[in-house]
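Chain and residue survey
Here's the letter readout for the chains.
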Amino acid sequence: MFNAIKERLERAAAIVGVHPDVMEVLRWPKETLAVSLPVRMDDGSIRPLKAFRCRHSEVRGPTKGGIRFHPSVNIDEMMALAFWMTMKTAVVDLPYGGAKGGVAVDTKALSPTELERVSRAYVRAFAEMIDEHRDIPAPDMYTGGIVIAWMTEEIATLKRRPMPAAITGKPLQLGGSLGRDTATGDGAFICLEALRERLGLGDGATVAIQGYGNAARVFAERAAAAGLKVIAVSDSSGAAHDPAGLDLAALGRHKDETGTVGSFTGDLDPDDLLTTKCDLLVPAALDGVIDAAVACELQCRTILEIANGPVTADADSILVERGIEAVPDILANAGGVAVSYLEWVQNKTGDYWPADEIERRLSQRMQASTEAVLAKAETYDTNLRNAAYILALGRLCDAISATGTQTYYNGES
Ligand code: NAD
């Protein structure tokens with residue numbers, strides 16, 4: 001996974017001609033720690049769980065990235081996701097580098113007290129790293145809500161003082177930010193609005209969404225209000241389809257009551273969602289779902305990547321050949337980390353902002369970043385994915401070069 005992601009960086013570097021020294025710095029994470037967390041289960045037994053934290057790069061600031069609890073967590077995935085965070089924070093010009101952490105555990109098989117012990121044990125194991133000036137974790141898969149509350153309390157206990165800025169995505173009562181819950185969906189919408197002309201998505205353009213969860217729902221409602229027509233959605237248990245456009249208010253109530261969009265309307269098999277005919281396809285669930293084989297079957301004109309890494313690197317060239325433009329994850333889903341940054345700033349200053357101020361700052365950053373990606377796409381006559389990597393690479397390159405380049409040390413002009 002890590003190698004596949006690096007391929008995209010190499011592609012962008014080949015377009016702009018980056019000095020090999022810079023690539024050497026970015027090719028390998030700065031620091032990766034793998035530990036065994038011995039956690040006491042409710043039956044008295046001890047389970048040694050594998051846990052990781054990877055800090056990819058801190059050349060632009062302290063590292064930032066979520067902690068996920070999932071059985072498939074492994075060191076390669078952590079390195080890949082940390083690298084992604086370095087790129088994402090650079091694309092939206094946040095003063096951060098990238099990190100990622102996780103525990104290989106199935107939270108559904110844990111009691112609440114076991115989950116609390118895992119969460120607190122994680123913070124104890126990585127307490128040397130976690131700090132508002134060094135490494136700032138956030139929620140990821142299965143670590144929302146109370147897990148982050150336990151982690152925030154644990155780091156304060158260990159460091160003997162409240163440290164709200166050391167972890168973001170906190171509940172509001174513990175120093176969280178307004179607007180964090182909707183930030184990823186909001187950010188994806190703002191980004192799309194700035195690209196609609198280039199992408200040719202006029203009023204009535206049709207949208208299909210895989211993974212009708214938190215981010216997708218926010219995005220869908222804003223997209224529909226702006227004139228797009230959401231015709232198909234899916235989640236892990238089912239799908240809904242209406243070529244005339246789904247009634248999103250009724251769909252939302254159905255999902256809240258039944259826990260799924262399945263059986264709402266239409267007879268779409270969730271496995272067929274990605275290849276549904278539509279103008280805009282929004283993968284918002286899992287990584288790697290659009291591989292080379294799926295890319296050949298797509299019937300959309302554009303992809304907006306709300307999920308992290310929904311398109312595999314080997315599918316990129318097929319999309320290019322087929323004229324399908326992908327708005328890359330490192331831009332499209334950066335609204336979440338952008339508002340995490342606002343949370344961090346509020347925690348550090350003690351000045352807390354109302355929702356409209358968060359919305360204003362998020363809009364400004366997402367619009368500016370999208371325009372900067374567009375400008376790179378035009379300058380280098382390339383697609384949006386390459387353009388986003390070129391933008392990130394340029395900012396990283398500037399930071400790495402600021403302490404001297406080979407040219408400087410050789411005394412050349
Ligand atoms: P979520 O858990 O609220 O929603 C995910 C949805 O995907 C759920 O409805 C789930 O049922 C569905 N799903 C799972 N497997 C599926 C499958 N095989 N087919 C169809 N649907 C499936 O999560 P979220 O916060 O909305 O995040 C969605 C995606 O966006 C994830 O990939 C996440 O990594 C990415 N992301 C989220 C944030 C954030 O701040 N929330 C930030 C950046 C990226």
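1. Re the site of the ligand
- Taken together, the neighbourhood of the ligand is formed by 19 residues, with Thr-184, Asn-214, Ala-215, Ser-236 and Ala-285 sitting nearest.
- Between the ligand and the protein, one listed contact pairs an oxygen atom with a backbone N or O atom of Ala-285 at 2.8 Å.
- For the ligand, the protein covers 69% of the area, taking 830 Å² as the surface of the free molecule.
- The set of elements that each furnish at least two residues to the shell around the ligand consists of helix H7 (214-225) and strand E7 (229-235).
- Among the residues forming the shell around the ligand, the class breakdown is seven nonpolar, nine polar and three charged.

2. Describing the pairing of strand E8 (residues 238-241)
- Bridge count between E7 and E8: four bridges; the pairing is antiparallel. Residue pairing for E8: Ser-234 is matched across the bridge by Ala-239.
- The hairpin turn running from E7 into E8, its antiparallel successor, is two residues long.

3. Section: the sheet that holds strand E10 (residues 302-304)
- Spatially, six strands are ordered E8-E7-E6-E9-E10-E11 in an open sheet, and the strand pairing comes out mixed. Across the chains shown, the open sheet's two edge strands, defined by having one partner strand only, are E8 and strand E11 (325-327). Across the sheet, the mean angle from the axis of one strand to that of its neighbour is 15°, orientation sign disregarded.
- Summarising the sheet, strand E6 (residues 206-210) and strand E9 (residues 280-283) pair through four bridges and their orientation is parallel. Counterpart to Ile-209 in the pairing with E9 is Val-282.
- Seen against the sheet, helix H6 (residues 183-199) touches E9, E10 and E11 and runs at an angle of roughly 155° to E11.

4. Some remarks on the nonpolar core
- Ranked by internal contacts, the top residues of the largest apolar core, which has 90 residues, are Val-91, Ile-209, Phe-219, Val-233, Val-282, Leu-304 and Val-327.
- Both domain 1 (2-6 + 29-172) and domain 2 (177-413) contribute no fewer than three residues apiece to this core.
- Leaving out residues up to four positions away in the same chain, Val-327 has contacts with Cys-191, Leu-195, Leu-199, Ile-303, Leu-304, Glu-305, Ala-332 and Leu-384.
- If you look at the next biggest cluster of nonpolar residues, it comprises 27 residues, including Ala-121, Ile-130, Val-147 and Met-151.

5. Side note on the sheet that holds strand E2 (residues 46-55)
- The strand order across the open sheet formed by five strands is E1-E2-E4-E3-E5, and the pairing between neighbours is mixed. Taken across any chain shown, the strands that pair with only one partner, and hence form the sheet edges, are strand E1 (31-40) and strand E5 (135-139). Averaged over all neighbouring strand pairs, the angle between strand axes comes to 20°, with direction disregarded.
- Pairing analysis gives five bridges linking strand E3 (residues 63-69) to strand E4 (residues 97-103), with the strands arranged parallel. Within E4, the residue paired with Thr-63 across the bridge is Gly-97.

6. Some points on the environment of Ala-292
- Mapping Ala-292 onto the fold places it in helix H9 (residues 292-297).
- On the basis of relative accessibility, which here comes to 23%, the residue Ala-292 falls in the partly exposed class.
- When sequence neighbours within four positions are dropped, the list of residues in contact with Ala-292 reads Thr-312, Asp-314, Ala-315 and Ile-318.

7. What to know about the layout of surface pockets
- Taken as a whole, the second largest pocket spans an internal volume of roughly 200 Å³.
- Lining the second largest pocket are Arg-11, Asp-316, Ser-317, Leu-319, Val-320, Gly-323, Ile-324, Glu-325, Ala-326, Asn-383, Arg-385 and Asn-386.
- Sorting the residues of the lining of the second largest pocket by element identifies helix H10 (316-322), E11 and helix H14 (384-401) as the ones contributing at least two each.
- If you tally residues by element for the lining of the second largest pocket, the top one is H10, at four residues.
- Split by residue class, the lining of the second largest pocket holds four nonpolar, four polar and four charged.

8. Some points on the domain arrangement of the protein
- Per the domain assignment, the segments making up the protein are domain 1 (2-6 + 29-172) and domain 2 (177-413).
- On a C-alpha basis, the centroid separation for the pair domain 1 and domain 2 is 24 Å.
- In this assembly, 30 residues from domain 1 lie in contact with 31 residues from domain 2.
- Summed over both sides, the interface between domain 1 and domain 2 buries roughly 2,600 Å², with carbon and sulfur atoms accounting for 68% of that surface.
- On the domain 1 side of the interface with domain 2, the three residues burying the most area are Trp-84, Lys-88 and Val-91, jointly 24% of the side's total.
- The interface formed by domain 1 and domain 2 includes three salt bridges.
- Salt-bridge contacts for Lys-170 lead to Glu-343; the nearest nitrogen and oxygen are separated by 2.6 Å.
- At the boundary of domain 1 with domain 2, the tally comes to twelve residue pairs in polar contact (both at pLDDT 80 or more).
- Of all the elements, helix H3 (residues 75-91) adds the most residues to the side of domain 1 that touches domain 2, at nine residues.
- A class-by-class count of the residues in the side of domain 1 that touches domain 2 yields 18 nonpolar, six polar and six charged.

Reading guide: rules and limits
- Residues numbered from 1 in each chain as written.
- Predicted model: local features only at pLDDT ≥ 70, side-chain atom pairs only at ≥ 80, totals over all residues.
- Heavy atoms only, no water.
- Near = heavy atom within 4 Å.
- Polar contact = N/O pair within 3.5 Å; in protein donor to acceptor, adjacent residues only side chain to side chain.
- Areas by Shrake-Rupley, 256 points an atom, 1.4 Å probe, with all protein chains shown as cover.
- Helix = DSSP H or I, 4+ residues; strand = E, 2+ residues; numbered from the N terminus.
- Nonpolar A, V, L, I, M, F, W, Y, C, P; charged D, E, K, R; others polar.
- Pairing = 2+ DSSP bridges.
- Axes fitted to C-alpha atoms, helices over the stretch in contact; angles between N-to-C directions.
- Contact = heavy atoms within 4.5 Å.
- Core = buried A, V, L, I, M, F, W, Y, C linked by side-chain atoms within 4.5 Å.
- Buried < 20%, exposed > 50% of the residue type's maximum accessible area, 1.4 Å probe, protein only.
- Domains from an automatic or database assignment.
- 1 Å grid on protein atoms, 1.4 Å probe; cavity = no way out; pocket = protein on both sides within 12 Å on 5 of 7 lines; lining within 4 Å.
- Points joined across faces, edges and corners; volume = space filled by probe spheres on them.
- Buried area = accessible area lost by both parts, 1.4 Å probe.
- Salt bridge = Lys/Arg side-chain N within 4 Å of Asp/Glu carboxyl O.

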